[in-house]
Amino acid sequence: MTIAPLTTGSSDGLDEKVLAVYDTILRRNPGELEFHQASHEVLETLGPVVAKHPEYVEAKLLERICEPERQIIFRVPWADDSGEVHVNRGFRVEFNSALGPYKGGLRFHPSVNLGIVKFLGFEQVFKNAVTGMPIGGGKGGADFDPRGRSDREIMRFCQSFMTELHRHLGEHTDVPAGDIGVGQRELGYLFGQYKRITNRYESGVLTGKGLTWGGARVRREATGYGCAYFVQEMLAARGSSLEGSDVVVSGAGNVAIYAVEKIAQLGGRVVAVSDSSGYVHDAAGIDLDLLKEVKEIERERIEVYAQRRGRGATFVADGSVWDVPCRVALPCATQNELTERDALRLIEGGVVAVGEGANMPCTPEAVRAFRAAGVLFAPGKAANAGGVATSALEMQQNASRDSWTFEHSEQRLQEIVQEMHAACCATAEEYGAPGDYVVGANITGFVRVADAMLAHGLI
Ligand code: GLU
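A few points on the structure.

About the thresholds
Residues numbered from 1 in each chain as written. Predicted model: local features only at pLDDT ≥ 70, side-chain atom pairs only at ≥ 80, totals over all residues. Heavy atoms only, no water. Buried < 20%, exposed > 50% of the residue type's maximum accessible area, 1.4 Å probe, protein only. Helix = DSSP H or I, 4+ residues; strand = E, 2+ residues; numbered from the N terminus. Near = heavy atom within 4 Å. Polar contact = N/O pair within 3.5 Å; in protein donor to acceptor, adjacent residues only side chain to side chain. Areas by Shrake-Rupley, 256 points an atom, 1.4 Å probe, with all protein chains shown as cover. Disulfide = S-S within 2.5 Å. Pairing = 2+ DSSP bridges. Axes fitted to C-alpha atoms, helices over the stretch in contact; angles between N-to-C directions. Expected span 1.5 Å × (residues − 1). Contact = heavy atoms within 4.5 Å.

## Examining unusual backbone geometry
Note: most peptide bonds trans; most residues except glycine with negative phi. The backbone of D318 shows a phi angle near 60°, a positive value even though the residue is not glycine. D318 gets classed as exposed once you look at its relative accessible area, which sits at 58%. Of note, M360 is a non-glycine position whose phi angle comes to about 50°, a positive value. Looking at the element boundaries, M360 is found in the loop between β11 (353–355) and α14 (364–372).

The following block contains the structure:
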């Protein structure tokens, strides 16, 4: 998988009133390229909003929304199985609590730094608002590499991480969940340590928990399912569907696996998946059970899938999964994984819809290419919001000490996705950009947060 080199965004395309806000972001957050990119992408769409709402400008809402409420950076020391001591850096950026407690995942990956956590936290604020659920936005993580670590090492790392982070959390304050490198195993160790330190069984302090200790049905599936549902909604609005479509999904983690599952249930066929070592092309359609066995249970490389699948499936080392032609593309791996070159290849191959299952997987140039070519483009703030929306449903179940069935939970998820799609369409229409989901999601999220902040006064 090739990741584009990052450059700080130019001020092109920014309305005069938001230009100064972006300049301040560049000056105040030097070197945080992903944060510059994410904030530019939102600010770029806010020209018509500031023109319509002088009260936002007067209250300096843009400046306030782009500045996190609180940023926490801490040392995470731990010892590996041989006794060697390691020191990692932990983060939690509590970005905005206008709509509810800070909500967003934790990422454990060697690439994690303040700029990455801030871009993710910023996206989360708007995404969470788009869901319509009562949750603010935040994100955290560590530059820890879980690859090759034993269960005991993972546990010790999680315990050390939570020993520091616990003082900042609470079901009414800040509620983390998983992200890349943080799944149910890690959440279990984190929850155990939180419970031990606080002496409280505070179920609603984390989401993505196991079903036997406060977790909610469909949370595991929700991000991938939500992405597939959102694309289905976009197609349905144009009298089309996923039926018979070849679909390419990048990644092979939690989001990708359940996107593959739902696409198949909705009548599509996923013909390729990938991980950081390369991609697998399986023209007959990805065998979901095998994919789960290799990636979820054995935590193996994707090449093992091709080896076991036998004839028909090919593994391409270090290749771009976007070289496989398809009608629908779902980037579900990581930020900036789909470049302009990839977008042009996909367009050439006949892509009609793209749904971002990951956070900011398409570079700004790729997004521009899709929009210029009239490809239906669902940004992550809508297309992957099913995950965090279901986290809010988990919090709801924890608060009422209830546990819903799979069917009811999935139905709620589907309703939320339909509502998000309708809200994005209505907002895009209202602001003169019908059919533009980037404008729709950004402005829907922004206005909801901005109105709550106005109501709360200057804080
Ligand atoms: N990390 C996920 C996201 O990017 C989930 C966050 C959550 O459930 O709080 O939205």
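## Looking at the site of the ligand
Taken together, 13 residues are adjacent to the ligand, and K103, K127, D179, R219 and S391 come closest. In this structure, K127 approaches the ligand through a side-chain N or O atom, which is 2.8 Å from an oxygen atom. Within the contact set of the ligand, an oxygen atom lies 3.0 Å away from a side-chain nitrogen or oxygen of K139. When the ligand sits alone it has 300 Å² of accessible area, and the protein chains cover 95% of it. Elements represented by at least two residues in the shell around the ligand include exactly β3 (102–108), α6 (114–131) and α16 (385–399). With 3 residues, the single largest contributor to the shell around the ligand is β3.

## Digging into the state of the cysteines
Per the counting criterion, the structure on display carries 0 disulfides. For C424, which is in no disulfide, the shortest distance to another cysteine sulfur is to C425 and amounts to 6.9 Å. A relative accessible area of 0% places C424 in the buried class.

## A word on the sheet that holds β3
Spatial strand order, β1-β2-β4-β3-β5: 5 strands in an open sheet with mixed pairing. Since the sheet does not close on itself, it has two edges, and those belong to β1 (70–79) and β5 (174–177), each with one partner. Direction aside, neighbouring strands of the sheet carry axes that sit 20° apart on average. Across 10 bridges, β1 lies against strand β2 (residues 85–96) in antiparallel orientation.

## Some remarks on helix α17 (residues 406–430)
If you check α17, its first and last C-alpha atoms are 36 Å apart, about what 25 residues at 1.5 Å a residue would give, namely 36 Å. Listed as buried for α17 are S409, E410, L413, I416, V417, M420, H421, A423, C424, T427 and A428. For α17, the elements touching its buried residues are α6, α9 (219–236), α10 (254–265), α15 (380–383), α16 and α18 (437–456). After α17 finishes, the residue G432 shows a positive phi value of roughly 80°.

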